[in-house]
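The residues making up each chain are set out below.
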Amino acid sequence: NAGVTQTPKFRILKIGQSMTLQCAQDMNHNYMYWYRQDPGMGLKLIYYSVGAGITDKGEVPNGYNVSRSTTEDFPLRLELAAPSQTSVYFCASSRQGLRNEQFFGPGTRLTVL
Amino acid sequence: AQTVTQSQPEMSVQEAETVTLSCTYDTSESDYYLFWYKQPPSRQMILVIRQEAYKQQNATENRFSVNFQKAAKSFSLKISDSQLGDAAMYFCAYRSPDTGTASKLTFGTGTRLQVTL
């Protein structure tokens, strides 16, 4: 199993550009999440999904969109990139259930200039 | 809303010694899970240990153990026999009950652990 994979690993965007961060998992997990980690801070939840076709906002959703057309994939879309979106983005997945850990991808470092 | 506080931005420990990282949280719920995640320079988030709020017995995983004080809302991580590979950022995280939507993790701001020879 590859676990949770993310592409790209690094990206530099200009203000106003758009891009999609890709996330895929091969563990057949229902739940998937997107977090951002700003320098010196913990992770904050952007969006999450409990299954294909179902998504919901987390703590910091503004400026982002998601879709979940399959169990495996959960892309994060940035429209009109802003410097405040410079961060490291982590995708995670888990089984349903309180005790089940979230498995994280390796992260994408995004810089908006 | 739940909050998680890690009051130690940085800690240092000598190899083979023991170190304790602090974490407190605020919640009105009675059933929840607490986690410690390790983030080495590679950025990969790795689960270290988990604790269910209903279990009085403190969780242990090899050299890692927790001191869970539910009434005080405290969840500290003890690392025994510290190794150079333990150097990383450590995040405490709170997970609320799964009430039909995905139960979400709330993270603290992290403690950077240095391990010296």
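Structure's up top.
Criteria and cut-off values
- Residues numbered from 1 in each chain as written.
- Chains lettered and ligands numbered in written order.
- Predicted model: local features only at pLDDT ≥ 70, side-chain atom pairs only at ≥ 80, totals over all residues.
- Heavy atoms only, no water.
- Helix = DSSP H or I, 4+ residues; strand = E, 2+ residues; numbered from the N terminus.
- Rg over C-alpha atoms; globule rule 2.2 N^0.38 Å.
- Contact = heavy atoms within 4.5 Å.
- Buried area = accessible area lost by both parts, 1.4 Å probe.
- Salt bridge = Lys/Arg side-chain N within 4 Å of Asp/Glu carboxyl O.
- Polar contact = N/O pair within 3.5 Å; in protein donor to acceptor, adjacent residues only side chain to side chain.
- Nonpolar A, V, L, I, M, F, W, Y, C, P; charged D, E, K, R; others polar.
- Buried < 20%, exposed > 50% of the residue type's maximum accessible area, 1.4 Å probe, protein only.
- Pairing = 2+ DSSP bridges.
- Disulfide = S-S within 2.5 Å.
- Phe/Tyr/Trp six-rings, centres within 6.5 Å; stacked < 30°, edge-to-face > 60°.

Undergrad: Help me understand the overall build of chain B in this model?
TA: Across its full length, chain B carries zero helices and 12 strands. Listed N to C, the secondary structure of chain B is β-β-β-β-β-β-β-β-β-β-β-β in terms of helices and strands. Over its C-alpha trace chain B gives a radius of gyration of 14 Å, about what one expects of a compact globule, namely 13 Å for 117 residues. Its C-alpha atoms put chain B at 45 × 30 × 25 Å along the principal axes.

Undergrad: What is the right way to read the overall build of chain A from this model?
TA: Within chain A one finds zero helices and 11 strands. Shown N-terminal to C-terminal, the secondary structure of chain A runs as helices and strands in the order β-β-β-β-β-β-β-β-β-β-β. Relative to its length of 113 residues, chain A is compact, with a C-alpha radius of gyration of 13 Å against a globular reference of 13 Å. Projected onto the principal axes, the alpha-carbon positions of chain A cover approximately 40 × 30 × 25 Å.

Undergrad: Mind showing me how you'd approach the interface of chain A and chain B here?
TA: For interface size, the figure often reported is the accessible area lost on association. Counting residues at the interface gives 30 residues for chain A and 25 residues for chain B. Of the roughly 2200 Å² buried at the junction of chain A and chain B (both faces included), carbon and sulfur atoms supply 53%. At the boundary of chain A with chain B, the tally comes to one salt bridge. A salt bridge links A:Glu101 to B:Arg50, with the nearest nitrogen and oxygen atoms 3.7 Å apart. Linking chain A with chain B are six residue pairs in polar contact (both at pLDDT 80 or more), by the criterion used here. Going through the elements one at a time, β4 (31-37), β5 (43-51), β9 (87-94) and β11 (108-112) of chain A are the ones with two or more residues in the side of chain A that touches chain B. Along the lines of polarity and charge, the residues of the side of chain A that touches chain B split into 14 nonpolar, 11 polar and five charged.

Undergrad: What exactly am I supposed to notice about the pairing of strand β6 (residues 46-52) of chain B here?
TA: Residues in a regular strand project their side chains so that they alternate between the two faces of the sheet. Residues and elements named next belong to chain B. Burial within β6 is extensive, with five of its seven residues counted as buried. Relative to β6, strand β5 (residues 33-39) is paired through six bridges, and the arrangement is antiparallel. Following the sheet pairing, Tyr37 is matched in β6 by Leu47. Hairpin remark: β5 followed by β6, antiparallel, with six residues in the connecting loop; positive phi at Arg43, about 80 degrees.

Undergrad: I keep staring at unusual backbone geometry and nothing clicks. Help me out?
TA: Of note, the amide linkage connecting A:Thr7 to A:Pro8 takes the cis form, showing an omega dihedral of -5 degrees. The phi angle at B:Asn62 is positive, at roughly 55 degrees, despite the residue not being glycine. One can find B:Asn62 in the loop between β7 (60-61) and β8 (64-69). With phi around 50 degrees, B:Asp81 is a residue other than glycine that occupies positive phi space. Note on placement: B:Asp81 falls in the loop between β9 (74-79) and β10 (88-95).

Undergrad: Where do I start with the state of the cysteines in this structure?
TA: Residues and elements named next belong to chain B. In total, this model carries two disulfides over all chains according to the counting rule given. Each sulfur in the disulfide pair Cys23 and Cys92 lies 2.0 Å from the other. Between Cys23 and Cys92, the S-S dihedral sits near -70 degrees, and the bridge is therefore left-handed. In this pair, Cys23 is assigned in the loop between β3 (19-21) and β4 (24-26) and Cys92 in strand β10, connecting sequence segments 69 residues apart. Since its relative accessible area comes to 1%, Cys23 is described here as buried. Take Cys92: its relative accessible area is 1%, and that puts it in the buried class.

Undergrad: Can you walk me through the packing of aromatic side chains in this structure?
TA: The description of an aromatic ring pair rests on the distance of the ring centres and on the angle between the ring planes. All told, the structure shown has 16 aromatic pairs over all chains when counted by the stated rule. Consider the rings of A:Tyr33 and A:Tyr35, whose centres lie 6.2 Å apart with planes at 25 degrees: the pair is stacked. Between A:Phe104 and B:Phe107, the aromatic rings sit 6.3 Å apart at their centres with planes inclined by 75 degrees, giving edge-to-face as the arrangement. On the criterion of chain membership, the pair formed by A:Phe104 in strand β10 (residues 103-104) and B:Phe107 in strand β11 (residues 105-107) is interchain, its members lying in two chains. Judged by its relative accessible area of 9%, B:Phe107 falls in the buried class.

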